[in-house]
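Single-letter residue listing:
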Amino acid sequence: MLTNTRDLLHVETDNNNNLIINFSQYLGYGCKVKITSWKDGISWTDVTEAGIQTIADIHELGVPFVCICKADSAAPWLATFPDGLQEKLVEYESHYRGTVYALLWCISRSKPARELFETDPLLVWLVLKTAKTKCWDIGYLMNLFTCKRTRILFSCELGESKSILKIIRKLKLLFFCHRDFELIRASNWSNVSKNLSHLPFIDRRLLQLLEHYPNLETSKLIQKFGSGWCWKDFNIKFKDTLNMAADLGHRDIMARINSCKGIPQLTNIHDKLAAEINDKTWEDLPLVEYCKPPINGTSFIVPITNNHDLHWEGREQSHCVASYHSQIFQEEYYVYKILQPERATLGLKATRDGRYLIDQINLKCNAKVNAATLELVMVWFNSAITDYKKISN
């Protein structure tokens, strides 16, 4: 996809206000694309009125619309657009990925499509993504734009009620991509609208959480979701609580989590399980040596290399680090004890693509470290990662 701006995008407007984009210098051979003006209905080379049978016949052009808008020579072509529409299209493209040219084709031919776009861009995006997924007939799509919005929602297989439409409009994502579309389609919006209609917004991570744990929809915990919700705290506490409960054999853990009225109550459950694990007689456990961590320690950042030391670290620091034994044994996680400038524990996570990330740095009882400790750790980590890349290359 071309991502350049006015200095690199070669465009001109002909006498009929059609836009000509010249790709010849990029491809090494003659290649020009013509985009017709608004009054003729937006179409482009290889996308002709007669050749359009299904939405799949309207391919995306591969040039960001915003790049065209930045080209001075495109001004006559853009002047054929209705007033104010250009800015709305740029805004749409920045939030809703992969549909802007199919959108242009539709709204330049259909007043209802344009009105829906201007008042409900998320619904238009869902329609266009569904149309591409289902390979809808173009006549069916254009007729759908004239229908009630609940009917449009039903055609997208998301339900047919005003309450569902209302909750879907509460989706708050930085941008919407194909993965989000799949996530939206996989959600049970009937249940979400019934149980979570009071929420101020729904973000991507909440949808992902409910995809894996649908019973949380009715939990007291998720009822408190809102702008004050801290995903980092929740994710760590939730994941660790599930892992510790599995290690301890507590089968009722999800019921206990569902009854929590907020993250502080989840933290209480987490801390009780951590204390239960740390109170176990670990000295009688067979000594399990861990593999050497990928990043060497120092005199003040010391890797933990066996399960006995891991249990001792959890007991001494009053947190749940001992529950990471399986992940450490499988070389998915590494733990270091920090001795100065303050006593802390560091968790290093291995990613699927072979990189390493700092997962958490905590004082006793999971308290936050100070700025000096964080800076010291980051200097050590960044230096070690640089050396690791040099060795790998």
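All figures in this text were calculated on a predicted structure; none of them were measured in a lab.

A.B. asks: Looking at this structure, how should I read empty space enclosed by the protein?
C.D. replies: One water molecule sets the probe size; rolling that probe over the atoms shows where empty space is left. Evaluated as defined, the whole model comprises two cavities of 30 Å³ or more. Reported here for the largest cavity is a volume of approximately 140 Å³. Of all the elements in the fold, those that place two or more residues in the lining of the largest cavity are α14 (231-248), β5 (333-338), β6 (344-350) and β7 (356-362). There is about 40 Å³ of room inside the second largest cavity. Lining the second largest cavity are Tyr290, Cys291, Pro293, Pro303, Ile304, Ile328, Tyr334 and Val335. When grouped by side-chain class, the residues that make up the lining of the second largest cavity number eight nonpolar, no polar and no charged.

A.B. asks: What am I meant to see in the sheet that holds β6 here?
C.D. replies: The strands making up a sheet are joined through hydrogen bonds of the backbone, oriented either antiparallel or parallel. Across the sheet, four strands lie side by side as β4-β5-β6-β7; this open sheet has antiparallel pairing. Either end of the sheet is taken by a strand with one partner, and the two such strands are β4 (301-303) and β7. Pairwise comparison of adjacent strand axes, ignoring direction, gives a mean angle of 30 degrees for this sheet. Pairing of β5 with β6 involves six bridges; the strand directions are antiparallel. Each bridged residue has a counterpart across the sheet, and for tyrosine 334 the counterpart in β6 is leucine 348.

A.B. asks: Before we go on, may I ask you to explain α14 in this structure?
C.D. replies: Note on helix geometry: an α-helix contains 3.6 residues per turn, so any two residues three or four positions apart are oriented the same way. End to end, α14 covers 25 Å across 18 residues, agreeing with the expected 26 Å (1.5 Å per residue, within 8%). Of the surrounding elements, those touching the buried residues of α14 are α13 (204-212), α15 (253-258), α16 (263-278) and β7. Looking one or two places after α14, you find glycine 249, whose phi comes out positive at around 80 degrees.

A.B. asks: What is the right way to look at the environment of glycine 139 in this model?
C.D. replies: Examined against the element boundaries, glycine 139 turns out to sit in helix α8 (residues 138-144). Remark: the alpha-carbon pair of glycine 139 and serine 323, spanning 184 residues in sequence, is separated by 58 Å.

A.B. asks: Which parts of the structure should I look at to understand the sheet that holds strand β2 (residues 19-22)?
C.D. replies: Read across the sheet, three strands follow the order β1-β2-β3 without closing on themselves; strand pairing throughout is antiparallel. Among the strands making up the open sheet, the edge pair consists of β1 (11-13) and β3 (32-35). When the angles between neighbouring strand axes are averaged without regard to direction, this sheet yields 20 degrees. Judged from the three bridges that link them, β1 and β2 form a sheet pairing that is antiparallel. Looking across to β2, one finds that threonine 13 is bridged to leucine 19.

A.B. asks: Explanation requested: the confidence of the model for the protein in the structure shown.
C.D. replies: Segments scoring low in pLDDT should not have their predicted coordinates read at a detailed level. For the protein, the mean per-residue pLDDT works out to 90, and 94% of the residues sit at or above 70. Every residue in residues 1-7 scores below 50 in pLDDT, and together they form 16 contacts with partners more than four places removed in sequence or on other chains.

A.B. asks: In this structure, what is going on with the side chain of threonine 373? I would like to understand it.
C.D. replies: Secondary-structure assignment places threonine 373 in helix α19 (residues 371-392). A residue is classified by how much of its surface remains accessible, and threonine 373, at 0% relative accessible area, is buried. Apart from the residues lying within four places of it in its own chain, the contact partners of threonine 373 are Ile338, Pro341 and Glu342.

A.B. asks: Explain the packing of aromatic side chains to me, please; I cannot follow it from the model alone.
C.D. replies: The relation between two aromatic rings is expressed through the spacing of the ring centres and the mutual angle of the planes. Here the structure, examined in full by the defined rule, presents 23 aromatic pairs. Aromatic pair tryptophan 38 and phenylalanine 81: ring centres 5.3 Å apart, planes at 45 degrees, arrangement tilted. Residue tryptophan 38 is located in the loop between β3 and α2 (65-70), and its partner phenylalanine 81 is located in the loop between α3 (75-78) and α4 (85-95); the two are separated by 43 residues in the primary sequence. Residue classification places tryptophan 38 among the buried positions, given a relative accessible area of 11%. On the basis of relative accessibility, which here comes to 5%, the residue phenylalanine 81 falls in the buried class. Centre to centre, the rings of phenylalanine 225 and tryptophan 231 are 5.8 Å apart; their planes meet at 55 degrees, and the pair counts as tilted. Taken as a pair, phenylalanine 225 and tryptophan 231 share a single burial class, namely buried. Linked through ring pairs, Phe201, Tyr213, Phe225, Trp229, Trp231, Phe234 and Phe238 together constitute an aromatic cluster. Looking at arginine 97, its charged tip hangs above the ring of phenylalanine 175, at a distance of 4.1 Å from the centre. Here arginine 109 stacks its cationic end above the ring of tryptophan 105, 4.0 Å away from the centre of that ring.

A.B. asks: Got a minute to help me understand the pairing of β5 in this structure?
C.D. replies: Both faces of the sheet carry side chains from a regular strand, because those side chains alternate between them. In terms of residue burial, β5 counts as a mostly covered element, since five of its six residues are buried. Bridge analysis of β4 against β5 gives three bridges, and the strand direction is antiparallel. Bridge pairing in β5 links isoleucine 301 to isoleucine 338. If you look at the hairpin formed by β5 and β6, you'll find five residues sitting between the two strands.

A.B. asks: Can you walk me through the pattern of salt bridges in this structure?
C.D. replies: Side chains that differ in sign of charge can pair as their charged atoms come close. Tallied over the full model, the rule gives 13 salt bridges. Between arginine 149 and aspartate 120 there is a salt bridge whose closest N-O contact spans 3.6 Å. With arginine 149 in helix α9 (residues 149-155) and aspartate 120 in the loop between α6 (111-119) and α7 (121-134), the pair connects residues that are 29 residues apart, well separated along the chain. Under the relative-accessibility criterion, arginine 149 is labelled partly exposed at 29%. Note that aspartate 353 and arginine 355 form a salt bridge whose closest N and O atoms lie 2.9 Å from each other. Its relative accessible area of 51% is what places aspartate 353 among the exposed residues. Overall, the relative accessible area of 46% leaves arginine 355 in the partly exposed class. Each member of the salt-bridge network shares a partner with another, and the members are Lys88, Arg114 and Glu118.

The rules behind the values
- Residues numbered from 1 in each chain as written.
- Predicted model: local features only at pLDDT ≥ 70, side-chain atom pairs only at ≥ 80, totals over all residues.
- Heavy atoms only, no water.
- 1 Å grid on protein atoms, 1.4 Å probe; cavity = no way out; pocket = protein on both sides within 12 Å on 5 of 7 lines; lining within 4 Å.
- Points joined across faces, edges and corners; volume = space filled by probe spheres on them.
- Helix = DSSP H or I, 4+ residues; strand = E, 2+ residues; numbered from the N terminus.
- Nonpolar A, V, L, I, M, F, W, Y, C, P; charged D, E, K, R; others polar.
- Pairing = 2+ DSSP bridges.
- Axes fitted to C-alpha atoms, helices over the stretch in contact; angles between N-to-C directions.
- Expected span 1.5 Å × (residues − 1).
- Contact = heavy atoms within 4.5 Å.
- pLDDT = per-residue confidence, 0-100.
- Buried < 20%, exposed > 50% of the residue type's maximum accessible area, 1.4 Å probe, protein only.
- Phe/Tyr/Trp six-rings, centres within 6.5 Å; stacked < 30°, edge-to-face > 60°.
- Lys NZ or Arg CZ within 6 Å of the ring centre and 35° of its normal.
- Salt bridge = Lys/Arg side-chain N within 4 Å of Asp/Glu carboxyl O.

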